[in-house]
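Tertiary structure, described
Listed here are the chains, written in short residue letters.
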Amino acid sequence: MTEPLFSDDDEEFDRPRLAAHGPVRVRVPAKINLHLHVGPARADGFHELTTVYHAIGLYDEITARRGDTLTLTMEGEGTGLLSLGEDNLVIRAARALADETGHDPHARLHLKKQIPIAAGLAGGSADAAAALVACDQLWGTGLSRDDLAGIAATLGSDIPFLVLGGTALGTGRGELVSPILTGGHAWHWVLAVAEEGLSTPTVYKTFDQLGAQSEAGPPDGLLAALRQRDPDVLAAHLANDLQAAALHLRPELRGVLDAGLEAGALAGLVSGSGPTVVFLAEDARHAALLAADLEAANCCRAVRTAAGPVPGARVL
């Protein structure tokens, strides 16, 4: 059963638009996986996935301005660590949109980054989604949300979801996205951010090497829990098949999980391919208390609180 993720204001995506003369600023959220079932590797090297995506209120921003070439600058998380050249997903997304629409790929893009890199929160995918929305607005190419999600699917598995946001079922390699009915209920999360990131391909390779059987199974129980709006019920159904591989690569994450549960979290799991650990709280007050306890435990680099679901990439 599905419902629209968006308000009537989102009809702007389906109306013809003129190119923007001033800067375009787009905010895009991080994602967590409430459920991640990993099937066997496919012929193309990807794994068949069934996942429940959930967009949370931890954001990056892309600002797009007119320019004579395509450039990218950045500030915040990962500055000096991320390449800003042609291999960056932001640049690739802008070029993919230009190729699709026949527009000159000219823009000055600036990334303000808060989502940690290589953290299992899809920060790079989020930035690509933001670049698609920002350049579509800057150039006045007038693509629909579905059009942008189609381009996003050629760039990466998580990017279509981050164009859309909310809570959604992802299948295929994750790029096939269907909205999930949540009734507008807000869930509250605490994120324990690790000192160093983890490579997603390395985590999948380790998953294969461990030969672990899927524990997540189908997401039916989780989908029912989302409709019940009871955090205790939801806590019992969070699952991630990649958690064992992430813990194998980073055994210290077990201590983070234990610290959160001892502090009173309803549940904890590694987010996506890790190494960020996500804890479910009862409400906003409980999340703040849990975050304070985790900070006092000094078991991770940083602690963040965030609620979800929230919309995907949006013009501010």
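Since we're looking at a predicted model, the values are computed, not measured.

**A few points about unusual backbone geometry**
What you tend to see is this: most non-glycine residues have negative phi, and most peptide bonds are trans. Of the consecutive residues G274 and P275, the connecting peptide bond is found in the cis state with omega at 10°. Here P275 shows up in the loop between β9 (267–270) and β10 (277–281). G308 connects to P309 through a cis peptide bond whose omega is 5°. Looking at the element boundaries, P309 is found in the loop between β11 (302–308) and β12 (314–315).

**Comments concerning the UniProt feature "domain: GHMP kinase N-terminal" (unreviewed entry) in the chain**
The positions that UniProt labels "domain: GHMP kinase N-terminal" (unreviewed entry) are, in the present scheme, residues 88–166. Between the first and last C-alpha atoms of residues 88–166 the distance is 25 Å; the span itself is 57% helix and 9% strand.

**Concerning a negative patch on the surface**
Taken together, the side chains of D99, E100, D146 and D147 present a region of like negative charge at the surface. Breaking the negative patch down by element, the ones donating at least two residues are α1 (89–101) and α3 (145–153). The residue D147 is located in helix α3 in this model. Residue class for D147 comes out partly exposed when judged on its relative accessible area of 39%.

**What about the pairing of strand β7 (residues 187–193)?**
Most of β7 sits out of view: seven of its seven residues are buried. Relative to β11, β7 is paired through seven bridges, and the arrangement is antiparallel. Paired with V190 across the two strands is T305, which belongs to β11.

**Here's the deal with the UniProt feature "active site" (unreviewed entry) in the chain**
Per the UniProt entry, the sites bearing "active site" (unreviewed entry) are K31 and D158 in this numbering. For the residues just named, distributed over 128 residues, the greatest C-alpha separation is only 8.7 Å, placing them together at one site. Cross-referencing the annotated residues with the lining of the largest pocket gives K31 and D158. Of note, K31 is situated in strand β1 (residues 24–41). For K31, the contacting residues outside a window of four places in its chain are Y53, H54, A55, G120, L121, A122, D158, F161, L162, S271 and G272. A polar side-chain atom of K31 sits 3.4 Å from the main-chain carbonyl oxygen of G120. Position of D158 relative to the elements: it lies in the loop between α3 and α4 (159–164). Under the relative-accessibility criterion, D158 is labelled buried at 18%. Beyond its immediate stretch of four places on either side in the chain, D158 contacts K31, Y53, A122 and S125.

**Some thoughts on the nonpolar core**
If you look at the biggest cluster of nonpolar residues, it comprises 72 residues, and the most contacted ones within it are L109, L132, W189, L226, L234 and L238. It is helix α2 (residues 123–139) that contributes the most residues to this core, eleven residues altogether. Setting aside residues no more than four positions away along its own chain, L238 makes contact with L34, W189, L222, A267, L269 and L280. Judged by nonpolar contacts, the second largest core, of 28 residues, contains V190, L257, A259 and L294.

**Brief notes about the pattern of salt bridges**
On inspection of all chains with the given rule, the structure shows seven salt bridges. The closest approach of N and O atoms between D60 and K113, which form a salt bridge, is 2.5 Å. Taken together, the residues span a long stretch of sequence, with D60 in strand β2 (residues 47–65) and K113 in strand β4 (residues 107–113) at a distance of 53 residues. Like D60, the residue K113 is buried in the burial classification. The shortest N-O distance in the salt bridge between R301 and E77 comes to 3.4 Å. Of this pair, R301 sits in the loop between α10 (284–297) and β11 while E77 sits in the loop between β3 (70–76) and α1, placing them 224 residues apart in sequence. Among the ionic contacts, a cluster of salt bridges with common partners joins R42, D44 and E48.

Rules behind the numbers
Residues numbered from 1 in each chain as written. Predicted model: local features only at pLDDT ≥ 70, side-chain atom pairs only at ≥ 80, totals over all residues. Heavy atoms only, no water. Helix = DSSP H or I, 4+ residues; strand = E, 2+ residues; numbered from the N terminus. UniProt positions renumbered as here; feature names shortened; annotations may be inferred. Patch = residues over 30% accessible without salt bridge, like charges linked within 9 Å, V, L, I, M, F, W, Y side chains within 5 Å. Areas by Shrake-Rupley, 256 points an atom, 1.4 Å probe, with all protein chains shown as cover. Salt bridge = Lys/Arg side-chain N within 4 Å of Asp/Glu carboxyl O. Lys, Arg positive; Asp, Glu negative; His and termini not counted. Charge placed at Lys NZ, Arg CZ, Asp CG, Glu CD. Buried < 20%, exposed > 50% of the residue type's maximum accessible area, 1.4 Å probe, protein only. Pairing = 2+ DSSP bridges. 1 Å grid on protein atoms, 1.4 Å probe; cavity = no way out; pocket = protein on both sides within 12 Å on 5 of 7 lines; lining within 4 Å. Contact = heavy atoms within 4.5 Å. Polar contact = N/O pair within 3.5 Å; in protein donor to acceptor, adjacent residues only side chain to side chain. Core = buried A, V, L, I, M, F, W, Y, C linked by side-chain atoms within 4.5 Å.

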